[in-house]
Amino acid sequence: MSQIGKQVVDFEVQAFANNAFKTVKKEDVLGKWSIFFFYPADFTFVCPTELEDLANKYEEFKATGAEIYSVSTDTHFVHKAWHDTSDTIKKINYPMLADPTGVLARGFDVMIEEAGLAERGTFIVNPQGEIVAYEVVAGNVGRNADELLRRLKALQFVAEHPSEVCPAKWEEGQKTLEPSIDLVGVI
């Protein structure tokens, strides 16, 4: 079943961010664009490469007004331990959400029940708390922050310009399309 348009579940979880523990709730994500970036576990192999890729683009995501939330079923204590021991993870400035009870993984329908881990799922959530884009990738394939940023910018553009659509490979500043009968069969 599609997740598009689904409201983010009510949640309250612990997070590790900016060398401190904090609580993050659904109310904290409303009113801005959010990226929920699920990954299976800390101290693994593909996950740190993805999280570093996001960390390297974090300022660009923030410039769009969006916040990134990485999420695994590890505790906030494990997130801190990973941060303290890994030069790669030390680069992360966005909140690392702890989901040991699986409230978020189940709410976004990415929980691998038999393993107690999350699938490699990415969700873009609009300021109203609705999922507007998502992808779930096999655990052995990493994701690309550049494509995620491009997709976020396209979604923000069409939210601000509802009569326009973004074609494939659209980049910020490029021409969009205005659907009309005149375009049918022309493109």
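Coordinates for the structure precede this section.
What this report covers is the structure whose coordinates are included nearby. Only a predicted model underlies this, so the values are computations on that prediction, with no experimental measurement involved.

Calculation criteria
- Residues numbered from 1 in each chain as written.
- Predicted model: local features only at pLDDT ≥ 70, side-chain atom pairs only at ≥ 80, totals over all residues.
- Heavy atoms only, no water.
- Helix = DSSP H or I, 4+ residues; strand = E, 2+ residues; numbered from the N terminus.
- Rg over C-alpha atoms; globule rule 2.2 N^0.38 Å.
- Buried < 20%, exposed > 50% of the residue type's maximum accessible area, 1.4 Å probe, protein only.
- Contact = heavy atoms within 4.5 Å.
- Areas by Shrake-Rupley, 256 points an atom, 1.4 Å probe, with all protein chains shown as cover.
- Lys, Arg positive; Asp, Glu negative; His and termini not counted.
- Charge placed at Lys NZ, Arg CZ, Asp CG, Glu CD.
- Patch = residues over 30% accessible without salt bridge, like charges linked within 9 Å, V, L, I, M, F, W, Y side chains within 5 Å.
- Salt bridge = Lys/Arg side-chain N within 4 Å of Asp/Glu carboxyl O.
- Phe/Tyr/Trp six-rings, centres within 6.5 Å; stacked < 30°, edge-to-face > 60°.
- Lys NZ or Arg CZ within 6 Å of the ring centre and 35° of its normal.
- Axes fitted to C-alpha atoms, helices over the stretch in contact; angles between N-to-C directions.
- Parallel < 35°, antiparallel > 145°, perpendicular 65-115°, else oblique.
- Left-handed = near helix turned anticlockwise from the far one by under 90°.
- Pairing = 2+ DSSP bridges.
- Core = buried A, V, L, I, M, F, W, Y, C linked by side-chain atoms within 4.5 Å.

## Observations concerning the overall build of the protein
Reasoning step 1: Summing up its helical and strand segments, the protein has 5 helices and 9 strands in all.
Reasoning step 2: For a compact globule of 187 residues, the expected C-alpha radius of gyration is about 16 Å, and the protein comes in at 17 Å, within 12% of that figure.
Reasoning step 3: Projected onto the principal axes, the alpha-carbon positions of the protein cover approximately 55 × 30 × 30 Å.
Reasoning step 4: Buried positions account for 45% of the 187 residues belonging to the protein.
Reasoning step 5: When contacts within the protein are restricted to residue pairs at least 6 apart in sequence, long-range pairs at least 24 apart make up 64% of them.
Reasoning step 6: Working note: accessible area of the protein is about 9,500 Å², and carbon and sulfur atoms make up 52% of it.
Reasoning step 7: Across the protein, the centroid of the 18 positively charged side chains sits 3 Å from that of the 29 negatively charged ones.

## Things to note about a nonpolar patch on the surface
Reasoning step 1: Together, Ile4, Tyr134 and Val136 line one region of the surface with nonpolar side chains, adding up to about 260 Å² of accessible area.
Reasoning step 2: Considering the arrangement of structural elements, one finds Tyr134 in strand β9 (residues 131–137).

## Observations concerning unusual backbone geometry
Reasoning step 1: Even without glycine at this site, Asn19 takes up a positive phi of about 60°.
Reasoning step 2: For Asn19, the location among the structural elements is in the loop between β1 (12–17) and β2 (20–25).
Reasoning step 3: Its identity is not glycine, yet Phe43 carries a phi of approximately 60°, on the positive side.
Reasoning step 4: Of note, Phe43 is situated in the loop between β3 (33–38) and α2 (46–63).

## Quick word on the packing of aromatic side chains
Reasoning step 1: What the rule picks out here adds up to 13 aromatic pairs.
Reasoning step 2: Centroid distance Phe157 to Trp170: 5.4 Å. Interplanar angle 45°. Geometry classified as tilted. Separated by 13 residues along the polypeptide, Phe157 in helix α5 (residues 145–160) and Trp170 in the segment after α5 bring together distant segments of the chain.
Reasoning step 3: A connected cluster of aromatic rings, assembled from ring pairs, spans Phe11, Phe36, Phe38, Tyr69, Phe108, Phe123 and Tyr134.
Reasoning step 4: Directly above the ring of Phe37 sits Arg143, whose terminal nitrogen or CZ lies 3.6 Å from the centroid.

## A short note on the packing of α2 against α5
Reasoning step 1: Relative orientation of the contacting elements α2 and α5 amounts to 25°, with a least axis distance of 9 Å. Here α2 is positioned roughly parallel relative to α5, judged by the angle of their axes. α2 and α5 meet at a crossing whose hand is right-handed. Together, Asp53, Leu54, Lys57, Glu60 and Phe61 of α2 and Ala145, Asp146, Leu148, Leu149 and Leu152 of α5 make up the contact between the two elements.

## Quick word on the pairing of β9
Reasoning step 1: The pairing of strand β8 (residues 120–125) with β9 spans 6 bridges and is antiparallel. Across the sheet, the residue bridging to Arg120 is Val137, located in β9.
Reasoning step 2: Between the antiparallel neighbours β8 and β9 lie 5 residues, among them Gly129 with a positive phi of about 85°.

## Let's talk about the pattern of salt bridges
Reasoning step 1: On inspection of all chains with the given rule, the structure shows 14 salt bridges.
Reasoning step 2: Glu60 is the partner of Lys57 in a salt bridge, and the nearest nitrogen-oxygen pair spans 3.4 Å. Of this pair, Lys57 and Glu60 both sit in helix α2, 3 residues apart, roughly one helical turn.

## What about the nonpolar core?
Reasoning step 1: Counting 24 residues, the largest nonpolar core has Leu51, Leu54, Phe61, Tyr94, Ile124 and Leu152 as its most contacted members.
Reasoning step 2: Per-element accounting of this core gives the leading share, 6 residues, to α2.
Reasoning step 3: Within the second largest apolar cluster, 20 residues are counted, among which are Val8, Phe38, Leu97 and Val110.

## Regarding the pairing of β3
Reasoning step 1: Most of β3 is tucked away, with 6 of its 6 residues classed as buried.
Reasoning step 2: Here β3 shows two buried faces, one formed by Trp33, Ile35 and Phe37 and the other by Ser34, Phe36 and Phe38.
Reasoning step 3: Of the strand pairs in this sheet, β3 and strand β4 (residues 66–72) are connected by 6 bridges, and their pairing is parallel. In the strand pairing of β4, Ser34 is matched with Glu67.

That's the geometry; what it means functionally is another story.
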